[in-house]
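Chain residues, written in single-letter form:
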Amino acid sequence: MHRRYCLSWLIFLLLSLVTGIALAAPAANATVSITGMRWGRAADAVTGSQTIRLVLETSAPVTVDQFITAKPNWRIVLTMRGVNVDKLKITPSPDPSVVKSMSAVKSAKDTVHVMLELPAELKEKQYKVFTLKADPKAKRPFRIVIDIAKAMPVTNVEFSTGLRGKLIVLDPGHGGTDPGAIGPRRTHEKNLNWSMAVKVKAILERAGSTVLMTRPGDVDLTPASASDRDDLRVRTMVANNRKANIFVSIHHNASVNSDLNGTTTYYYPKTPYDSVLAQCLQTAMVRGGGLDNIGIRTANFFVVKNAWMPAALLEIGYISNPQEEQTLNNPAFQQKMALAIVAGIDQFFAQAAKMRGGR
Amino acid sequence: MKRQVIYAILGCLFTVGLLTGCSPEQIGKLPPTNNGTAVTPQKPVAPAKPVIAETVPVKVYFGTHNARYLVAEVHQLKPGPQLMQQAIETLAKGPRSSDLVAVLPKATKVKSLVVRDRMAIVDFSTELVKRGFGGSATEILAVAAIVNTLTEFPEVERVQILVDGKKADTLFGHVDVYDPLSRSPGIIKNK
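What you are looking at is a predicted structure, and each value in this text was computed from that prediction instead of being measured. (Residues numbered from 1 in each chain as written. Chains lettered and ligands numbered in written order. Predicted model: local features only at pLDDT ≥ 70, side-chain atom pairs only at ≥ 80, totals over all residues.)

## Overview of the environment of Leu171 of chain B
Residues and elements named next belong to chain B. Here Leu171 lies in the loop between β7 (166-167) and β8 (181-182). Take Leu171: there are 24 C-beta atoms within 10 Å of it, and that puts it in the buried class. In the structure, Leu171 is positioned 17 residues away from Ile188 in sequence and 21 Å away in space, judged by C-alpha atoms. Leaving out residues up to four positions away in the same chain, Leu171 has contacts with Leu128, Val129, Glu139, Ala142, Val143 and Val177. (Helix = DSSP H or I, 4+ residues; strand = E, 2+ residues; numbered from the N terminus. Buried ≥ 20, exposed ≤ 12 C-beta atoms within 10 Å, placed from the backbone. Contact = placed C-beta atoms within 7 Å.)

So this is what it looks like as structure tokens:
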């Protein structure tokens, strides 16, 4: 009697243990869900470089393996284990020139491959994959983030050597009601930009180039009610409509720190030629003008970005620096610098001719 | 036999109770056990008073003397819905440290600041685009300082700059600020 009681007690104990394990099992093996996704666009505030961002929201932290492959087509593949995508609603890419499409497929049990189809080759440096922790304060879940850089479009533009027969747009910065920066001796940047542009134009024309100026003199290009953007758009329109070979914007720099000095050249890397043009001009200006070399930099500048042809924006020197302000106002210095700029343009055509579209 | 079954069922229920972590009270009239697995009733805890911090640290970006980089300076600001606006106003006021320089005209005012869809839309007074304030070096720093200061807040991913309620084209004639901009990590110099 007693033994039988013990036996049934044991059986039930065992049974309940099994039940307990069975109950606990789904919890231990629970899959993480990708609960949502969104696309985003980013443009770096300084360089203007554009990125498409894909954010996958997950219910818990996930480990992601990723690789990029060229076969059968260029694609990024993310692999995650213990992940469930049943609830994921895939939305189309906002920019097919960066990512054509996205798909998520299950292979083995609970293994998911997220695939991003790319329109062209992508280098290792041009994308990155990382995870972010949940941030309850900002009401954000755990996330997997994929950032993909928008690549330069392939260009079929080719150049020949020499200045003869070239169409060059010179853009003297500011003008009219916009003085640009103002130096300690009240030098208006717009006037220096104009003096330099006129000198460069004369030398280029003697060498056989056709030169277009974006403004005819010290005037506003748009009515006072219009915005600066309209003014800048008119400047790039001149170059775009006439299919100029290159666009060179002439400026002078300024800073709250009056000690700063030197020459710098800005560009926007929209074609493989833009950085070459900037470097040729910078090297020639530093050699010919003799001011300190601050180097070339990429920048989200309106005119160099929106001119369709290779473009550079020169900051010849700092008018906020009293000594440099004096140098920049000197006609002999201006002539030396104008010759240097033309030498830089000539050098650009020589180098660009060898690039054959940057291929 | 009848009694055995009852004991067995009770035993089973009790075991399930232990395994699933229920308190004994929930599964009938079984006596509390002394093996330490029973749940002890929690003492009522007085609800914690919400602690309102007087100030919170906020990173605001200023220029370096060579006009090439931004450096974060931590300012103590009052928390609340105006926090981001205060951060931008601090940006206009200028840095505490003499190692750094202001990148916005001092008279710049923020007319409004809202966050929509992870984008901060900040509307500045026209003092921001005061003619003759800066060259391209200053403009790059000004735009980047506005964007980097606002994207320090986790709810902000992009920034749309407006001047007097309208999309601005450029601030001082160089940088394209017409479209929303995102953080620029490259211009930040870590001390």
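## Some details on the packing of helix α4 (residues 274-289) of chain A against helix α7 (residues 331-355) of chain A
Two quantities define a packed helix pair, namely the angle between the helix axes and the distance between the axes. Residues and elements named next belong to chain A. Running from amino to carboxyl end, α4 crosses α7 at an angle of 145°, the nearest separation of the two axes being 8 Å. Considering the relative orientation of α4 and α7, their crossing is right-handed. On the side of α4, the interface is formed by Val276, Leu277, Cys280, Leu281, Thr283, Ala284, Met285, Arg287, Gly288 and Gly289, while α7 contributes Lys336, Met337, Leu339, Ala340, Ile341, Ala343, Gly344, Gln347, Phe348, Gln351 and Ala352. In the contact of α4 with α7, the residues fall into 13 nonpolar, six polar and two charged. (Axes fitted to C-alpha atoms, helices over the stretch in contact; angles between N-to-C directions. Left-handed = near helix turned anticlockwise from the far one by under 90°. Nonpolar A, V, L, I, M, F, W, Y, C, P; charged D, E, K, R; others polar.)

## Some points on α7 of chain A
Residue and element names in this part refer to chain A. The end-to-end C-alpha distance of α7, which contains 25 residues, comes to 36 Å, matching closely the 36 Å that a straight helix rising 1.5 Å per residue would cover. Buried within α7 are the following residues: Gln334, Met337, Ala338, Ala340, Ile341, Val342, Gly344, Ile345, Phe348, Phe349 and Ala352. Looking one or two residues past α7, Arg356 carries a phi angle of roughly 45°, positive in sign. (Expected span 1.5 Å × (residues − 1).)

## Let's talk about the confidence of the model for chain A
Interpreting fine coordinate detail is not advised for predicted regions of low pLDDT. When pLDDT is averaged across chain A, the result is 88; 88% of the residues are at 70 or more. With pLDDT under 50 throughout, residues 18-29 of chain A is counted as low confidence; its partners more than four residues away or in other chains account for five contacts. (pLDDT = per-residue confidence, 0-100.)

## Points about the nonpolar core
Core analysis: the largest hydrophobic core is formed by 104 residues, its most contacted members being Ala312 of chain A together with Val143 and Ile146 of chain B. Here this core takes 10 residues from helix α3 (residues 136-150) of chain B, the largest share from any one element. Leave out the neighbours within four places in its chain, and Ile146 of chain B touches Ile88, Leu91, Val122, Val159 and Ile161 of chain B. In terms of nonpolar packing, the next biggest core, distinct from the first, is built from 22 residues, Ile34, Met80, Val83 and Leu116 of chain A among them. (Core = buried A, V, L, I, M, F, W, Y, C linked by C-beta atoms within 7 Å.)

## Quick word on the sheet that holds strand β3 (residues 100-101) of chain B
Residue and element names in this part refer to chain B. Pairing is antiparallel in the open sheet, where three strands are placed in the order β2-β1-β3. Looking along the sheet, the strands with just one partner apiece sit at the ends: β2 (70-77) and β3. As defined by bridge partners, strand β1 (residues 56-64) adjoins β3 across two bridges and the pair is classed as antiparallel. Each bridged residue has a counterpart across the sheet, and for Thr64 the counterpart in β3 is Leu100. Against the sheet, α3 engages β1 and β2, with an angle of about 165° to β1. (Pairing = 2+ DSSP bridges.)

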